[in-house]
Amino acid sequence: MDISRILAPNPGPFTGTGTNSYVVAAGGEAVIIDPGPLIESHLDAIRAVVGELTVVGILVTHHHLDHAPAANPLAAEYAVPSYGYGDYGGFQAISAIADGDGVRVGTEVIEVLHTPGHTADSLCFAVSDGVFTGDTIKAGTTVVVEDMSAYMATLDRLAALAPTRIYPGHGDVIEDGPGVIDDYITHRRRREADVVAALAGGPRSTEDIVASVYPGLDPALRPLATQSATAHLAKLREESRVERTGVGWALR
């Protein structure tokens, strides 16, 4: 199996150096994972890597605009299905796939893992000793989380999978998969402890919690920090460890 990474020219505060697209080839066939935004130079770079290989499908990890828009156009160009969670967030895969499904490329089978947390439709794709994680795990940084309970369960699942390599949606290929997954789990547990500690002195608003947990935060990053703190609070509420008050949040 041969795996090629193609970096999209869409750097930014949410994408880092850009979105990673991958061409996975085996036995003369190929699948394209996360073809990214509709940028013609990027699509040309993907086409160049595909070359004479026979494309059999386009895989999408989740619906975000830096990952999914080129999927259906490329699927039409190569006359193959796009595979994703289904119709979600404005992206509708031609063929919906679910946890435990397999997508064959040559003699290899890519296993589909439903890994919600970053988004409800997030998928990872496991093959050989590696896993393609989209935005569930990124190199060198943490990720924005919609559902913290689901995300922690996803991280536990990936830890049990123990992939040697992680092919992230952003950043370089990660060669120490188990170590990085453990770091992610440790980071989230620490953030949760920080949120609990911020409430130790009594009820506080979400804004006050963010200010306590993220001191000196760049104002441009406040919306992301607020989303992360809110996700942690929602998880703690599900566990009956915090409750809403007239002020905001309090320990139970």
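Everything in this summary refers to the structure shown in the same document. If you're wondering where the values come from, they're calculated on a predicted model, not measured in any experiment. Think of each chain on its own: its residues are numbered from 1, step by step along the sequence as written. Since the coordinates come from a predicted model, pLDDT governs what is reported: local features require at least 70, and pairs of side-chain atoms require 80 or more to be given and counted, while whole-chain, interface and lining totals use all residues. To obtain the side-chain values, all non-hydrogen atoms of the structure were included, while hydrogens and water were left out.

### Some details on the layout of surface pockets
- Within this model, the largest pocket holds a volume of roughly 700 Å³.
- Listing elements by their share of the lining of the largest pocket, those giving two or more residues are helix 4 (177–198) and helix 6 (222–238).
- The helix and strand labels rest on DSSP assignments: H or I over at least four residues marks a helix, E over at least two residues marks a strand, and numbering proceeds from the N terminus. With four residues, the top contributor of residues to the lining of the largest pocket is helix 6.
- For the lining of the largest pocket, the class distribution of residues is 11 nonpolar, 14 polar and six charged. Detection works on a 1 Å grid of protein atoms alone, calling trapped sets that fit a 1.4 Å probe cavities and calling open sets with protein on both sides within 12 Å along at least five of seven lines pockets, with lining residues defined by an atom within 4 Å of a point. Grid points are joined across faces, edges and corners, and a volume is the space filled by probe spheres set on the points. Note on residue classes: Ala, Val, Leu, Ile, Met, Phe, Trp, Tyr, Cys and Pro are nonpolar, Asp, Glu, Lys and Arg are charged, and everything else, Gly too, is polar.

### Digging into the environment of alanine 234
- In this fold, alanine 234 is placed in helix 6.
- For the pair formed by alanine 234 and aspartate 147, sequence separation is 87 residues and the distance between their alpha carbons is 8.0 Å.

### Focus on the side chain of serine 82
- With respect to the helices, strands and loops of the structure, serine 82 is situated in strand 5 (residues 82–84).
- Exposure is judged per residue with a 1.4 Å probe applied to protein chains only, and the accessible area is read against the type maximum: over 50% gives exposed, under 20% gives buried, and values in between give partly exposed. Take serine 82: its relative accessible area is 0%, and that puts it in the buried class.
- Polar contacts, as used here, are pairs of N or O atoms within 3.5 Å; protein pairs need one atom able to donate a hydrogen and one able to accept it. Residues neighboring in sequence count only if both atoms are side-chain atoms. At 2.6 Å, the side chain of serine 82 and the side chain of asparagine 72 are in polar contact.
- If sequence neighbours within four positions are ignored, serine 82 has contacts with Ile58, Ala71, Asn72, Ala75, Phe91, Ala93, Ile94 and Ser95. The contact definition used throughout considers only heavy atoms, calling two residues in contact when any of these lie within 4.5 Å.

### Quick look at the sheet that holds strand 2 (residues 20–26)
- Read across the sheet, six strands follow the order 1-2-3-4-5-8 without closing on themselves; strand pairing throughout is mixed. Both outer strands of the open sheet, strand 1 (2–7) and strand 8 (95–96), are each paired with one neighbouring strand and no more.
- The axes are straight lines fitted to the C-alpha atoms, using for helices just the contacting stretch, and the angles between their N-to-C directions are given from 0 to 180°. Those strands touched by helix 2 (residues 71–78) are strand 3 (29–33), strand 4 (54–59) and strand 5, and its axis lies near 160 degrees from that of strand 4. Strand pairing is assigned whenever DSSP identifies at least 2 bridges connecting the two strands.

### Details of the pairing of strand 3
- The buried fraction of strand 3 is high, at four of five residues.
- The pairing of strand 2 with strand 3 spans five bridges and is classified as antiparallel. For alanine 25, the partnering residue across the bridge sits in strand 3 and is alanine 30.
- The hairpin turn running from strand 2 into strand 3, its antiparallel successor, is two residues long, and glycine 27 in that turn takes a positive phi close to 60 degrees.

### Notes on the side chain of threonine 115
- With respect to the secondary-structure elements, threonine 115 resides in the loop between strand 10 (108–114) and strand 11 (123–127).
- Classification of threonine 115 as buried rests on a relative accessible area of 1%.
- The residues touching threonine 115, leaving out its near neighbours within four places in the chain, are Ser122, Leu123, Cys124, Thr136 and Thr154.

### Observations concerning the sheet that holds strand 11
- With respect to topology, five strands assemble into an open sheet ordered 9-10-11-12-13, the strand pairing being mixed. Across the chains shown, the open sheet's two edge strands, defined by having one partner strand only, are strand 9 (102–105) and strand 13 (165–168). Strand after strand, the sheet turns through a mean of 25 degrees between neighbouring axes, direction not considered.
- Judged from the four bridges that link them, strand 12 (residues 130–134) and strand 13 form a sheet pairing that is parallel. Following the sheet pairing, phenylalanine 132 is matched in strand 13 by tyrosine 167.
- Those strands touched by helix 3 (residues 148–161) are strand 10, strand 11 and strand 12, and its axis lies near 150 degrees from that of strand 10.

### Structural notes on the packing of aromatic side chains
- To pair, rings of Phe, Tyr and Trp, with the six-membered ring standing in for Trp, must have centres within 6.5 Å; the planes then decide the type, stacked if under 30 degrees apart, edge-to-face if over 60, and tilted in the middle. Applying the stated criterion across every chain, the model contains four aromatic pairs.
- Judged by centre distance (4.7 Å) and plane angle (20 degrees), the rings of phenylalanine 132 and tyrosine 167 are stacked. Remark: tyrosine 167 occurs in strand 13 and phenylalanine 132 occurs in strand 12; sequence separation between them is 35 residues.
- Residue tyrosine 167 is classed as buried on the basis of its relative accessible area, which comes to 11%.
- Among the aromatic residues, those joined into a cluster by ring pairs are Tyr22, Phe132 and Tyr167.
- Positioned above the aromatic ring of tryptophan 249 is the side chain of arginine 244, whose terminal nitrogen or guanidinium carbon lies 4.5 Å from the ring centre. Any Lys NZ or Arg CZ found within 6 Å of a ring centre and within 35 degrees of that ring's normal is scored as a charge over the ring.

### Things to note about empty space enclosed by the protein
- In this structure the tally under the stated criterion is one cavity of 30 Å³ or more.
- In this structure, the largest cavity encloses a volume near 40 Å³.
- Val60, Thr61, His62, His63, Gly84, Tyr85, Gly86, Tyr88, Phe91 and Asp121 are the residues that line the largest cavity.
- Here the lining of the largest cavity is composed, by residue class, of four nonpolar, five polar and one charged.

### Side note on the environment of arginine 191
- Position of arginine 191 relative to the elements: it lies in helix 4.
- Sequence separation of arginine 191 and valine 213 is 22 residues, and the distance between their C-alpha atoms is 7.5 Å.
- The residues contacting arginine 191, other than those within four sequence positions of it, are Val213, Tyr214 and His232.

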